[in-house]
Amino acid sequence: FAFLLAMSRVLRVALVGCGYIAEHHLKAYKLCGRAEIAAVVDLVAEKAEALAKQTGSNPKVFTSLSDALSWGEFDAVDIMTPHDLHHDQALQSTRAGKHVLLEKPMAINLEDCKSLIEEEKQCRKKGIVFMVSENAQFWPEVVKVKQVIDSGRIGKVYLAKANYWETTVGSPFEIRTDDESHWEYQAARVGGGVLMSGSCHWLRPLRFWLGEVDEVIGVTSSPWEIREGWESLSNAMLRFRNGVTATFQGMVVNNPLSNSPCFQVFGSKGEIVVGGGFEGSVTVYDKDNLQGESLGPAEGYFASFPPTINHFVRAVLDKQPVDADTLYCSGEPRIAWAIYRSVKSKKWEKVWEE
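We now turn to the structure provided with this report. (Residues numbered from 1 in each chain as written. Predicted model: local features only at pLDDT ≥ 70, side-chain atom pairs only at ≥ 80, totals over all residues. Heavy atoms only, no water.)

**Looking at the pairing of strand 1 (residues 11-16)**
Most of strand 1 is tucked away: five of the six residues are buried. Bridge count for strand 1 against strand 2 (residues 35-41) is six bridges, and the pairing is parallel. When the sheet's bridge partners are listed, V13 is paired in strand 2 with I37. One crossover worth recording links strand 1 to the parallel strand 2 by way of helix 2 (residues 20-32), and it is right-handed. Pairing geometry for strand 1 and strand 4 (residues 76-79), over four bridges, is parallel. The partner of A14 across the bridge, within strand 4, is V77. (Buried < 20%, exposed > 50% of the residue type's maximum accessible area, 1.4 Å probe, protein only. Helix = DSSP H or I, 4+ residues; strand = E, 2+ residues; numbered from the N terminus. Pairing = 2+ DSSP bridges. Right-handed = clockwise from strand over helix to strand, strands pointing away.)

Here is the structure:
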């Protein structure tokens, strides 16, 4: 009976920021079946109203988070705004007693990351859930790779490659705008360029599979010069604490690209490949499968959103622990900042030294 009572509870959520990613969060909440969108917030009223119509729950529409919190008839806030707003909006929400799901990156500088790490400690004491939304850890293909590595099928891993790419023209990964006024191309708002933008998502799988990154060395450039101070290409080498190395490439360009693999993981007994684009499948190469064995049909990158949202909902309603705390989630921006330092120093830079 207690289980059925718990499962009957519904989490009332305020969606804050009605851009591209909000539609994927909304779809995931609908699939979850245990959440209701109670409020929608965006500075642009038309965007908030458009998303509200998709909810099916007749939510209240606001043009400021402050007004939504003053109304307050919801349990949780899902923050999907520009990066430079994350820190202050997260604090504003937790201090209003709301559970928070915060899009990555959690902040655009180390001081603000530390502030949110401390805030999470206070939230735990109050029974408030504070979760950073890094959906790549829930990407079904990423989970499959982890299972193959842990099974020992490819032996001892010695190298991995991560290849994040986007283009504005003619590719299956075509999601970018070439509008240079968009906030995603403003370094002060993003916290940098491609490293602090979409390519952060490709760092989490590497950490999920291989452990923590110790040090990095890298270079950046701007083959697509859309905005001054916004690098569109980053190449780096990562050395993990266990001695494994990885190469990491993040790229956003305005020229056609091939559908190259997202990830490769090399071990003493074989290799794992995650195909390119949003729908990349997992293929394993070993002595019994020299031409490769496909591990079933691809579920794709966007299949990562429902388990991410479900994890947050269960953390609130069922008191389930969050897989990755804010200290761990500061790892991706810390790696990016270490690469930026390396570009200047032309040396290996430690990730976790401050």
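**Quick word on the environment of E212**
Examined against the element boundaries, E212 turns out to sit in the loop between helix 9 (200-210) and strand 8 (213-221). Overall, the relative accessible area of 15% leaves E212 in the buried class. In this structure the C-alpha to C-alpha distance between E212 and R239, which are 27 residues apart in sequence, comes to 8.9 Å. Apart from residues no more than four positions distant in its own chain, E212 is found in contact with R207, F240, R241, Y328 and W352. Among the polar contacts listed, one links the side chain of E212 to the side chain of W352, at a separation of 3.5 Å. (Contact = heavy atoms within 4.5 Å. Polar contact = N/O pair within 3.5 Å; in protein donor to acceptor, adjacent residues only side chain to side chain.)

**So, the pattern of salt bridges**
Within this structure, the stated rule accounts for 19 salt bridges. Here R239 and E215 are joined by a salt bridge, their closest N and O atoms 2.3 Å apart. With R239 in strand 9 (residues 233-240) and E215 in strand 8, this pair connects stretches of sequence that are 24 residues apart. Given the relative accessible area of 31%, R239 is considered partly exposed. The closest approach of N and O atoms between K287 and D288, which form a salt bridge, is 3.5 Å. For the residue pair K287 and D288, the accessibility class agrees, reading exposed in each case. Three or more residues are tied together by salt bridges with common partners; here these are R204, R207, E212 and E332. (Salt bridge = Lys/Arg side-chain N within 4 Å of Asp/Glu carboxyl O.)

**What to know about helix 10 (residues 305-317)**
In this model, helix 10 (13 residues) spans 18 Å end to end at C-alpha, consistent with the 18 Å of a helix rising 1.5 Å per residue. Looking at the buried positions of helix 10, the neighbouring elements they touch are strand 1, helix 2, strand 2, strand 4, strand 5 (99-103) and strand 6 (130-133). K319, located one to two residues past helix 10, shows a positive phi value of around 60°. (Expected span 1.5 Å × (residues − 1).)

**Looking at the nonpolar core**
If you look at the biggest cluster of nonpolar residues, it comprises 101 residues, and the most contacted ones within it are Y29, W202, W209, L238, V265 and F312. In terms of residue count, helix 10 provides more of this core than any other element does, seven residues in total. In contact with W209, not counting residues within four places along its chain, are V142, V145, K146, I149, F263 and V265. (Core = buried A, V, L, I, M, F, W, Y, C linked by side-chain atoms within 4.5 Å.)

**Structural notes on the sheet that holds strand 3 (residues 60-62)**
Sheet strands pair by backbone hydrogen bonding; their relative direction is either parallel or antiparallel. Read across the sheet, six strands follow the order 3-2-1-4-5-6 without closing on themselves; strand pairing throughout is parallel. Of all the strands in the sheet, just strand 3 and strand 6 have a single pairing partner and so form its edges. Sheet twist, expressed as the mean angle between neighbouring strand axes with direction ignored, is 25°. Packed onto the sheet, helix 5 (residues 86-94) meets strand 1, strand 4, strand 5 and strand 6 and runs at close to 170° relative to strand 5. Packing against the sheet, helix 10 makes contact with strand 1, strand 2, strand 4, strand 5 and strand 6, and its axis sits at approximately 160° to strand 5. (Axes fitted to C-alpha atoms, helices over the stretch in contact; angles between N-to-C directions.)

**Things to note about the sheet that holds strand 15 (residues 349-350)**
Spatially, 14-13-12-11-7-10-9-8-15 is the arrangement adopted by the nine strands of the open sheet, whose pairing is mixed. Looking at which strands have only one partner, the edges of the open sheet turn out to be strand 14 (289-294) and strand 15. One ladder, built from two bridges, connects strand 8 with strand 15; its direction is antiparallel. Counted as the bridge partner of V216 is E349 from strand 15. Packing of helix 9 onto the sheet brings it into contact with strand 7 (157-167), strand 8, strand 9, strand 10 (245-253) and strand 11 (263-267), and relative to strand 7 it is tilted by some 165°. Contacts from helix 12 (residues 331-345) reach strand 8, strand 9 and strand 15 within the one sheet, and its direction differs from that of strand 8 by about 60°.

Such coordinate-based values are descriptive only and should not be taken to indicate function.
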